[in-house]
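Structural characterization, general
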Amino acid sequence: MRLFKVLLLVCSVNLVSNAAMPSVEVDSLTAMERQMAKFLSDSKVSAQLFLGYRYHSAVGESHNEFAIKRGYITFSKNITPYLSGRITPDITVDQEGDGEGDVEMRLKYCFAEFKDPTRQGFFTEPSILIGQVYTPFIEYEEKINRYRVEGAHYLDRIDQVSSADFGITLTSLIGGKMDEDFQRRVNSNHAGKYGSFALGVYNGGGYNALEKNDNKTFQWRLTLRPLPNHIPGLQTSFTGALGKGNTPAAPDWNLYAGFLSYEQEYFVITGQVYQALGDHTGRLVDPMGNPFKNRGQSLFGEVKLFSKKASIFARYDNNETYDTAIPTYSTRYIFGVAYHIQGRTKVVVDYNYLDNNQGNPVPDTGIFEVMLELAF
């Protein structure tokens, strides 16, 4: 009888407990939201927008416009400490196609990255990127000259290399990393103590063109920091490409370039020279399809003022096609000022003047612009 009363008491307590805390069934929508939140917990979404006003002037004509020069939206996800993925659509204005200047979205990056962030030996933090990836040099230069909002970097602008392509890229820092103070004050990108390198094999047409032949191109960059303890901001790079131009005729394309940079907390200076046969588009050829020889140089400088809230910058580009009956050359002058709002977000006012010789079919052009680079 006493045992029965104890059992009855236990059951009663259990019933009361269940009544006080009823079970909650999770509906399918809530379960999906929780799974999505868990998936996104180690994901990152960022954007970089180039917005503003431009005034164009050329011989006998001029026009002005409000413009969206570029818009990058990046989605990245760490699957494991050694595997991640990234996809970056690119919003741009199609000046070709039907000629209407449509705003369109195309794919800039879409790749898987295999990496070893724990490796700190001679090869430090190596990685392999597979898919639609960045190519070895332009991605490196963009981390030193941070004014992509003004326009493409030198070798990209003259169609010698594309900033991204379909293929595979291998990268690594060399000999460990620079100290945290240097990375915080000067630059934390490609901060190998003795330099870095990148190399890869690609279709050759770039991210904004389909491959038009069966050839694959080889591109590389080797960067050395010769005096990390005495002149830590000094780096020298050798970059190039071997392959064919992206046309069915596949003309030769060989590129060799040198790049020297010096970064300090309050100023940046870079200089580069190149020599090439043809270009990656395959269009720099004579009527018989033979590639033209070409060469050039570029200088860039930036001075940071008012506790690095403002900058003045300038760039000089010159290139020449010199084995033609009438050699052609062009010189570009860029001057600008910037106000840095926060992080990479800034307002840039610049003037870009392109001076061509008489043998060049492209007219002289001047562009004044006020641009907002919005990064978040």
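Conventions we followed
Along each chain, numbering runs from 1 in the same order as the chain's sequence is written. Where local features are concerned, this predicted model is filtered to residues with pLDDT of at least 70; where side-chain atom pairs are given and counted, the filter is 80 or more; whole-chain, interface and lining totals use all residues. Based on all heavy atoms of the structure, the side-chain values leave hydrogens and waters out of the count. Think of it this way: any DSSP run of H or I at least four residues long counts as a helix, any run of E at least two long counts as a strand, and we number them from the N terminus. Working definition: with a 1.4 Å probe on protein chains only, accessible area under 20% of the residue-type maximum means buried, over 50% means exposed, and in between means partly exposed. Whether two residues are in contact is decided by their heavy atoms: any pair within 4.5 Å suffices. To be clear on the numbers: accessible area is Shrake-Rupley with a 1.4 Å probe, and residue cover counts the displayed protein chains and nothing else. Nine residue types can take part in a nonpolar core, namely buried Ala, Val, Leu, Ile, Met, Phe, Trp, Tyr and Cys, and a core is a set of them joined through side-chain atoms within 4.5 Å. A strand pair is defined by DSSP finding two or more bridges across the two strands. By convention in these notes, a salt bridge is any Lys or Arg side-chain nitrogen within 4 Å of a carboxyl oxygen on Asp or Glu. Classification of ring pairs uses Phe, Tyr and Trp, with its six-membered ring standing for Trp, and accepts pairs whose centres are within 6.5 Å; under 30 degrees between planes counts as stacked, over 60 as edge-to-face, and the remaining range as tilted. Any Lys NZ or Arg CZ found within 6 Å of a ring centre and within 35 degrees of that ring's normal is scored as a charge over the ring. Residue-level confidence of the predictor is summarised by pLDDT, bounded by 0 at the bottom and 100 at the top.

1. So, the overall build of the protein
Each helix and strand in the protein was counted, giving five helices and 16 strands. For the protein, with 376 residues in total, the buried portion stands at 42%. Counting contacts in the protein only where the partners sit at least 6 residues apart, residues at least 24 apart contribute 55% of the total. Only carbon and sulfur atoms are counted for the fraction: they give 61% of the accessible area of the protein, which is about 20,400 Å².

2. Quick word on the nonpolar core
Core analysis: the largest hydrophobic core is formed by 25 residues, its most contacted members being Leu155, Leu255 and Tyr274. Of all the secondary structure elements, the ones that give two or more residues to this core are helix 3 (138–142), helix 4 (154–157), strand 10 (252–264), strand 11 (267–277) and strand 14 (328–342). The element best represented in this core is strand 10, accounting for four residues. Setting aside chain neighbours within four positions, we find Leu255 in contact with Gln160, Val161, Trp220, Thr239, Gly240, Ala241, Tyr274, Gln275 and Ala276.

3. Side note on the environment of Leu354
Locating Leu354 in the fold gives a position in strand 15 (residues 345–356). When near neighbours in sequence (up to four residues on either side) are disregarded, Leu354 contacts Ser330, Thr331, Arg332, Val362, Asp364 and Thr365.

4. A look at the pairing of strand 12 (residues 293–305)
Across the two faces of strand 12 the burial differs, with Asn294, Gly296, Ser298, Phe300, Glu302 and Lys304 buried and Lys293, Arg295, Gln297, Leu299, Gly301, Val303 and Leu305 not buried at all. Pairing of strand 11 with strand 12, which is carried by 11 bridges, proceeds in the antiparallel orientation. Bridged to Leu277 within strand 12 is Lys293. In this sheet, strand 13 (residues 310–321) lies alongside strand 12 in antiparallel orientation, the contact comprising 12 bridges. Within strand 13, the residue paired with Phe300 across the bridge is Arg315. Turn length for the strand 12-strand 13 hairpin, with the two strands adjacent in sequence and antiparallel, is four residues, and the turn residue Phe306 shows positive phi of about 50°.

5. Focus on the pairing of strand 13
Regular strands place their side chains on alternate faces of the sheet. Summarising the sheet, strand 13 and strand 14 pair through 12 bridges and their orientation is antiparallel. Pairing of Arg315 across the sheet is with Ile334, part of strand 14. Taking the residues between adjacent antiparallel strands as the criterion, strand 13 and strand 14 are bridged by six residues.

6. Notes on the pattern of salt bridges
If you walk through the whole model with that rule in mind, you get 17 salt bridges. For Asp181, the salt bridge is made with Arg184, and the minimal N-O distance between the two is 2.7 Å. In this pair, Asp181 and Arg184 both sit in helix 5 (residues 180–185), three residues apart, roughly one turn of the helix. Its relative accessible area of 35% is what places Asp181 among the partly exposed residues. Taking relative accessible area as the criterion, Arg184 reaches 62% and is therefore assigned exposed. As a salt-bridge pair, Glu211 and Lys216 come within 2.9 Å of each other at their nearest N and O atoms.

7. Quick word on the packing of aromatic side chains
Each pair of aromatic rings is reported with the distance of its centres and the angle of its planes. Going through the model one piece at a time under the given rule, you end up with 18 aromatic pairs. Between Tyr147 and Phe300 the ring centres are 6.4 Å apart and the planes differ by 45°, which places this aromatic pair in the tilted class. Taken as a pair, Tyr147 in the loop between helix 3 and helix 4 and Phe300 in strand 12 lie far apart in primary sequence, 153 residues in all. Exposure remark for Phe300: the relative accessible area of 5% places this residue in the buried category. Here the aromatic residues Phe218, Trp220, Phe238 and Tyr256 are joined through ring pairs into a cluster of three or more. Taking NZ or CZ as reference, Lys108 lies 4.9 Å from the ring centre of Tyr207, over its face. Taking the ring centre of Tyr147 as reference, the NZ or CZ of Lys346 above it sits at 5.5 Å.

8. Observations regarding the confidence of the model for the protein
Mean pLDDT over the protein stands at 89; residues scoring 70 or higher make up 88%. Counted against residues more than four places away or in other chains, residues 1–24, with its pLDDT under 50, gives zero contacts.

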